[in-house]
Amino acid sequence: MFRAVAMVARGAGGLGGAVRGYASNTSGPIGFIGLGNMGGFMAKNLLKAGRTVTVFDVAPAACAQLEAAGASVASSPAEAAAGAGVVITMVPANAHVREVYTGANGVFSVMEPGTLCIDSSTVDPAVSVEMAAAATECGGSFVDAPVSGGVGGAEAGTLSFMVGGTQEDFDAAKTVLELMGKNIFHCGKVGSGEVVKICNNLMLGISMMGASETMQLGVKMGVDPKLLADIINVSTGRSWSTEVYNPCPGVVETAPASRGYTGGFGSSLILKDMKLALDAAATCDSNLPLGNATVGLYSDIVDKGMGGKDFSVAYAYLSKIPVKD
């Protein structure tokens, strides 16, 4: 296990002026917690880069896949973090982040001074600030680093990371994030990465609902969906949701819509992220009429049992096509 090599202090602009006692060792072993559709590929890319990785997930099958790829498997977040120079987390929601870090078998129960924690979950920015303060108390550091790029980007190692933290911690995290992504952005202080991410996913949810609405109208009016998409994608209506991730089955063969809306970003997750945006808006008097409307539609999609389907299932929902979760 690595040991601390330097003493550094956060300035007044840090978390309450707290002292982080040790420098990070980002070249050491990595603990990776959360092996879902995104996290599994991210961890595999770390292994491909030659890093030593210990993983944990509540799903044994996910752990087995990483073990076959060369990772060690831990029985708890604490075991995954023990001796790690870097701990990366990719879990669904606020409660999971708190449990993984501060629970009885959490990361902070065993974390060594100097450990860098990178949380790539999409959560409330306030949770990131809370975890960063706790990490500092343990002598470590924390950055929020949510991602964009989808499952395809995770597999290809081309994700975009939106990082919140000090310049020093960003520089340290970047050396690891570059093994999993293509675009690494420093968004500002802890929590700012999450702010950018929920803004992005607010737009994403609205865009997907608009693309679904548009495609189902054209199809119902008798236009060939591929022709419709081809024209939109060289016109002013073009978006990622129409070009790369088209919600109409058969238009983009690699999109979840063409495989029964499986293997992508769940409707329950886009709903969760958009609700985070609405919560954030309430704190700063921001008006989100389209966000509110889209949240209402995705809430109905989830209530109708399609929460586990990719969020492009909005097309089937608007088209009144039955889809089983």
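Residues numbered from 1 in each chain as written. Predicted model: local features only at pLDDT ≥ 70, side-chain atom pairs only at ≥ 80, totals over all residues. Heavy atoms only, no water.

Concerning the nonpolar core
Nonpolar side chains in soluble globular proteins tend to be buried together.
Point 1. One finds F32, M42, I88, I118, F161, L177 and M180 to be the most contacted residues of the largest nonpolar core, which totals 34 residues.
Point 2. Formed by 32 residues, the second largest nonpolar core is a distinct cluster that contains M208, L228, L288 and A316. (Core = buried A, V, L, I, M, F, W, Y, C linked by side-chain atoms within 4.5 Å. Buried < 20%, exposed > 50% of the residue type's maximum accessible area, 1.4 Å probe, protein only.)

Thoughts on the pairing of strand β1 (residues 30–33)
Point 1. A two-sided burial pattern is seen for β1, the buried positions comprising I30 and F32 on one face and G31 and I33 on the other.
Point 2. As judged from the four bridges shared by β1 and strand β2 (residues 53–56), these two strands associate in the parallel manner. When the bridges of β2 are listed, I33 appears paired with F56.
Point 3. Bridging between β1 and strand β4 (residues 86–89) involves four bridges; their strand directions are parallel. Bridging from a neighbouring strand, F32 pairs with I88 of β4. (Helix = DSSP H or I, 4+ residues; strand = E, 2+ residues; numbered from the N terminus. Pairing = 2+ DSSP bridges.)

Observations regarding a nonpolar patch on the surface
Point 1. Together, V223, L227 and I231 give the surface a local cluster of nonpolar side chains, amounting to about 240 Å² of exposed area.
Point 2. Relative to the elements of secondary structure, L227 occurs in helix α9 (residues 225–232).
Point 3. The exposure class assigned to L227 is partly exposed, which follows from its relative accessible area of 46%. (Patch = residues over 30% accessible without salt bridge, like charges linked within 9 Å, V, L, I, M, F, W, Y side chains within 5 Å. Areas by Shrake-Rupley, 256 points an atom, 1.4 Å probe, with all protein chains shown as cover. Salt bridge = Lys/Arg side-chain N within 4 Å of Asp/Glu carboxyl O.)

Notes on the packing of helix α8 (residues 192–220) against helix α12 (residues 289–306)
Point 1. Where α8 meets α12, the axes come as close as 10 Å, and the angle between the chain directions of the two elements is 70 degrees. Here α8 lies roughly perpendicular to α12, going by the angle between them. The handedness of the crossing between α8 and α12 is left-handed. Residue-level contacts link L202, G205, I206, M208 and M209 of α8 to L290, G291, T294, L297, Y298 and I301 of α12.
Point 2. Looking at the contact of α8 with α12, its residues break down into eight nonpolar, three polar and no charged. (Axes fitted to C-alpha atoms, helices over the stretch in contact; angles between N-to-C directions. Parallel < 35°, antiparallel > 145°, perpendicular 65-115°, else oblique. Left-handed = near helix turned anticlockwise from the far one by under 90°. Contact = heavy atoms within 4.5 Å. Nonpolar A, V, L, I, M, F, W, Y, C, P; charged D, E, K, R; others polar.)

As for the packing of aromatic side chains
Point 1. Applying the stated criterion across every chain, the model contains five aromatic pairs.
Point 2. Ring centres of Y101 and F142 lie 5.6 Å apart, and the angle between their planes is 70 degrees; on these two criteria the pair is classed as edge-to-face. Within this pair, whereas Y101 is found in helix α4 (residues 94–102), its partner F142 is found in strand β6 (residues 141–144), the two being separated by 41 residues in sequence.
Point 3. Assessed through its relative accessible area of 0%, Y101 is described here as buried.
Point 4. Both rings, one in F265 and one in F311, keep their centres 5.8 Å apart while their planes meet at 80 degrees; by these two values the pair is edge-to-face. Highlighted residues: F265 in the loop between α10 (240–243) and α11 (267–284) and F311 in the loop between α12 and α13 (314–319), separated in sequence by 46 residues.
Point 5. Judged by relative accessible area, F265 falls into the partly exposed class, the value being 22%.
Point 6. Ring pairing ties together the aromatic residues W240, Y245, F265 and F311, which thus form one cluster. (Phe/Tyr/Trp six-rings, centres within 6.5 Å; stacked < 30°, edge-to-face > 60°.)

Observations concerning the pattern of salt bridges
Where charged atoms from two side chains of opposite charge approach closely, those side chains can pair.
Point 1. Under the counting rule described, the total for this entry stands at five salt bridges.
Point 2. Between E243 and R238 there is a salt bridge whose closest N-O contact spans 2.8 Å.
Point 3. Notably, a salt bridge pairs D273 with K272, separated by 2.8 Å at the nearest N-O pair. This pair shows no difference in class: D273 is buried, exactly as K272 is.

Focus: helix α1 (residues 39–48)
At 3.6 residues per turn, the α-helix brings residues three or four places apart onto the same side.
Point 1. Of all ten residues in α1, seven are buried; the element is thus mostly enclosed.
Point 2. Among the residues of α1, G39, G40, M42, A43, N45, L46 and L47 are the ones counted as buried.
Point 3. Once α1 ends, the next one or two residues include G50, with phi positive near 90 degrees.

With respect to the packing of α4 against helix α5 (residues 125–137)
Point 1. Remark: α4 packs on α5, axes separated minimally by 10 Å, with the N-to-C direction vectors making an angle of 5 degrees. In terms of axis orientation, α4 runs roughly parallel to α5. In this structure, α4 uses N94, V97, R98, Y101 and T102 to contact α5, whose residues at the interface are V127, E130 and M131.
Point 2. Here the residues of the contact of α4 with α5 are counted per class, giving four nonpolar, two polar and two charged.

Considering the confidence of the model for the chain
Point 1. Per-residue pLDDT for the chain averages 92, and the proportion of residues at 70 or more is 92%.
Point 2. Note that pLDDT drops below 50 for residues 1–21; the model gives that stretch 48 contacts with residues more than four away or on any other chain. (pLDDT = per-residue confidence, 0-100.)

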